[in-house]
Amino acid sequence: IMHFLIPFGDGPGAWVLRLLLNIFQICLLARMILSWLYPRSKHPAITLLELITEPILKQVRQVVPPVGQLDVSAAFVFLLIDILKWLLGSSCFIF
């Protein structure tokens, strides 16, 4: 069972929010890995992940500059989501 997708906590609103954060975090992780393996791929699955994650990453890139040639915006968003889940009282961290 994928227990990391089953949020615990107070009320259905928090449950849904934590579930959506988990799903976004999984999409972000998949995009990070696939971008390293297939840098300029136009595969539909990669395009879908880009459509889901790019609006947030674009906003973060305006605030967090790249380190050398390394774009750290995805790692920054991943960390922010973990902090947000912690603030929500979540016991369902992916990692």
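For clarity, every value in this text was computed on a predicted model and none was experimentally measured.

Caption draft 1: A look at the overall build of the protein chain. When helices and strands are counted, the protein chain shows three helices and zero strands. Within the protein chain, buried positions represent 29% of all 95 residues. Across the protein chain, the fraction of contacts at a sequence separation of at least 24, relative to all contacts at a separation of at least 6, is 52%.

Caption draft 2: Region of interest: the pattern of salt bridges. For the structure shown, the criterion picks out four salt bridges. With a shortest N-O distance of 2.9 Å, Glu54 and Arg31 are connected by a salt bridge. Within this pair, whereas Glu54 is found in helix α2 (residues 44-61), its partner Arg31 is found in helix α1 (residues 11-37), the two being separated by 23 residues in sequence. Residue class for Glu54 comes out partly exposed when judged on its relative accessible area of 25%.

Caption draft 3: Spatial organisation of helix α3 (residues 73-87). Over its 15 residues, α3 runs 21 Å from end to end, which matches the ideal 21 Å to within 8%, given 1.5 Å per residue. For α3, the complete set of buried residues consists of Ser73, Ala74, Val77, Phe78, Ile81, Asp82 and Lys85. At the exit of α3 stands Gly89, carrying a positive phi of roughly 80°.

Caption draft 4: Representation of the layout of surface pockets in the model. Within this model, the largest pocket holds a volume of roughly 310 Å³. Around the largest pocket sit 14 residues that line it, and Met32, Ser35, Trp36, Asp71 and Ala74 are the ones nearest its centre. Among the secondary structure elements, those contributing two or more residues to the lining of the largest pocket are α1, α2 and α3. Looking at the lining of the largest pocket element by element, the count peaks at five residues for α1. Its residues placed into classes, the lining of the largest pocket shows eight nonpolar, three polar and three charged.

Conventions and cut-offs
Residues numbered from 1 in each chain as written. Predicted model: local features only at pLDDT ≥ 70, side-chain atom pairs only at ≥ 80, totals over all residues. Heavy atoms only, no water. Helix = DSSP H or I, 4+ residues; strand = E, 2+ residues; numbered from the N terminus. Buried < 20%, exposed > 50% of the residue type's maximum accessible area, 1.4 Å probe, protein only. Contact = heavy atoms within 4.5 Å. Salt bridge = Lys/Arg side-chain N within 4 Å of Asp/Glu carboxyl O. Expected span 1.5 Å × (residues − 1). 1 Å grid on protein atoms, 1.4 Å probe; cavity = no way out; pocket = protein on both sides within 12 Å on 5 of 7 lines; lining within 4 Å. Points joined across faces, edges and corners; volume = space filled by probe spheres on them. Nonpolar A, V, L, I, M, F, W, Y, C, P; charged D, E, K, R; others polar.

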